[in-house]
Amino acid sequence: MQRRDAIFKIMESIDDELVVCNIGFPSRELYNIHDRAENFYMIGSMGLASSIGLGLALSQPDKDVVVIDGDGALLMNMGSLVTVNACKPRNLTWIVINNGAYGSTGNQETYAKDLDLVSIANSVGFKSYNFFDIELKRKIRNNSCNLIVFNCKPGNSEAPIIDLTPEEIKNRFMKAIEK
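Residues numbered from 1 in each chain as written. Predicted model: local features only at pLDDT ≥ 70, side-chain atom pairs only at ≥ 80, totals over all residues. Heavy atoms only, no water.

### Looking at the overall build of the protein chain
To be explicit about the condition: Each helix corresponds to a stretch of at least 4 residues labelled H or I by DSSP, and each strand to a stretch of at least 2 residues labelled E; elements are numbered beginning at the N terminus. Computation of the radius of gyration draws on C-alpha atoms alone. For the globule rule, the value is 2.2 Å times the number of residues to the power 0.38. Three labels apply to residues, based on accessible area from a 1.4 Å probe with only protein chains included: buried if under 20% of the type maximum, exposed if over 50%, partly exposed otherwise in between. Throughout, a residue-residue contact means that at least one pair of heavy atoms, one from each residue, lies within 4.5 Å.
The helix and strand tally for the protein chain stands at 8 helices and 8 strands. The C-alpha atoms of the protein chain give 15 Å as radius of gyration, which agrees with the globular expectation for 179 residues (16 Å, within 12%). For the protein chain, the C-alpha atoms occupy an extent of roughly 40 × 35 × 25 Å along the three principal directions. For the protein chain, the residues scored as buried account for 51% of the 179 residues in total. Taking as baseline every contact in the protein chain between residues at least 6 positions apart, the subset at least 24 positions apart corresponds to 69%.

Here it is in structure tokens:
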């Protein structure tokens, strides 16, 4: 299973949740699999999907927020593990797709391929799980801040470029939040 398959599997459990997706190919793949106004596609700012998701979860306490992130992005902003866990928004589910590669920059290996990200997250106090050990919809709705690691193989799909401008992505996402 590759990242595109993982995103497809994640989206099977998404209804009206707000989704923040990591930059590059993950956003392109999500856009191609299931575009909707409630998806925020990051165009830049690698490593900050979790920070955007945290701000969104804190500012929208009545909406469930799902962050689809990557192992390379997590490594780039390890401090976010401590920050998100300290805030513990009850409506945030952070999914880290660990394919052991920086997919959007040429599939260079990350050090995450040799790490147990669930144990690392647990060590700072997170409630952390492997994707295949849980029912995702139940974790999203359990009124608890969760980190879920989805291990898969590296590789990019042939997902097309997102044909929305950053302004269009932001504006339609903000309208979806207001519903």
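### Description of the packing of aromatic side chains
Using the following cut-off: Note on aromatic pairs: the rings of Phe, Tyr and Trp (six-membered ring only in Trp) are paired at centre separations within 6.5 Å, and the planes decide the class, stacked below 30 degrees, edge-to-face beyond 60, tilted for the rest. Definition used: whenever NZ (Lys) or CZ (Arg) falls within 6 Å of the ring centre and also within 35 degrees of the ring normal, the charge is taken to sit over that ring.
The final tally for this structure, using the stated rule, is 6 aromatic pairs. Between Phe132 and Phe150, the ring centres sit 5.1 Å apart and the planes meet at 70 degrees, which makes this aromatic pair edge-to-face. Pair noted here: Phe132 is in the loop between strand E7 (127-130) and helix H7 (136-140) and Phe150 is in strand E8 (residues 146-151), with a separation of 18 residues, a long-range link. The exposure class of Phe150 is buried, given its relative accessible area of 0%. Among the aromatic residues, those joined into a cluster by ring pairs are Phe131, Phe132 and Phe150. Cation over ring: Arg28 sits above Phe25, and NZ or CZ is 4.3 Å from the ring centre.

### Section: helix H8 (residues 166-178)
Basically, it comes down to this: A helix is expected to reach a length of 1.5 Å times the quantity of its residues less one. Think of the arc as the fan of directions from the helix axis to the C-beta atoms.
Relative to the 18 Å expected for 13 residues at 1.5 Å per residue, H8 spans 19 Å between its end C-alpha atoms, a close match to the ideal helical length. Considered for burial, the residues of H8 that qualify are Ile169, Phe173, Ala176 and Ile177. Taken end-on, H8 shows its buried residues confined to a sector of 100 degrees, consistent with a single buried face. Along H8, exposed side chains directed more than 90 degrees from the buried face belong to Glu167, Lys175 and Glu178. The elements touched by buried residues of H8 are strand E1 (18-21), strand E2 (39-41) and helix H3 (49-59).

### Comments concerning the layout of surface pockets
Spelled out, the test is: With a 1 Å grid spanning the protein atoms alone, the term cavity applies to any set of points in which a 1.4 Å probe fits but cannot get out, the term pocket to an open set with protein on both sides within 12 Å along at least five of seven lines, and the term lining residue to any residue with an atom within 4 Å of a point. Grid points are joined across faces, edges and corners, and a volume is the space filled by probe spheres set on the points. Charged means Asp, Glu, Lys or Arg here, nonpolar means Ala, Val, Leu, Ile, Met, Phe, Trp, Tyr, Cys or Pro, and polar covers whatever is left, Gly included.
Counted as a void, the largest pocket has a volume near 160 Å³. Forming the walls of the largest pocket are Asp16, Glu17, Leu18, Glu38, Asp62, Lys63, Asp64, Arg141 and Ala176. In the lining of the largest pocket, the residues fall into 2 nonpolar, no polar and 7 charged.

### Some details on helix H2 (residues 25-34)
Quick reminder: α-helices carry 3.6 residues per turn. Residues three or four places apart thus point the same way. Counting buried positions along H2 gives 7 out of 10 residues, so the element sits mostly inside the fold. The set of residues buried in H2 consists of Phe25, Pro26, Ser27, Arg28, Glu29, Leu30 and Tyr31. Structurally, H2 contributes buried residues whose contacts are with helix H1 (3-11), E1, E2 and strand E3 (65-70).

### Comments concerning the side chain of Arg28
As a reminder of what qualifies: Just so you know, the count uses Lys and Arg for positive and Asp and Glu for negative, and it drops His and the chain ends. Only one rule defines a salt bridge in this text: a Lys or Arg side-chain nitrogen within 4 Å of an Asp or Glu carboxyl oxygen.
Structurally, Arg28 can be placed in helix H2. Although buried, Arg28 forms no salt bridge, and the nearest oppositely charged side chain, Glu158, lies 6.8 Å from it. Apart from residues no more than four positions distant in its own chain, Arg28 is found in contact with Ala159, Pro160, Ile161 and Ile162.

### Overview of the side chain of Ser80
For clarity, the threshold we go by: Here a polar contact is recorded for every N or O atom pair within 3.5 Å, except that within protein the pair must consist of a potential hydrogen donor and a potential acceptor, and residues adjacent in sequence are included only if both atoms are side-chain atoms.
As for its placement among the helices and strands, Ser80 is situated in helix H5 (residues 79-87). Judged by relative accessible area, Ser80 falls into the buried class, the value being 4%. A distance of 3.2 Å separates the side chain of Ser80 from the side chain of Ser50, its partner in a polar contact. Those residues in contact with Ser80 that sit more than four places away from it in its chain are Ser50, Leu74, Asn85 and Trp94.

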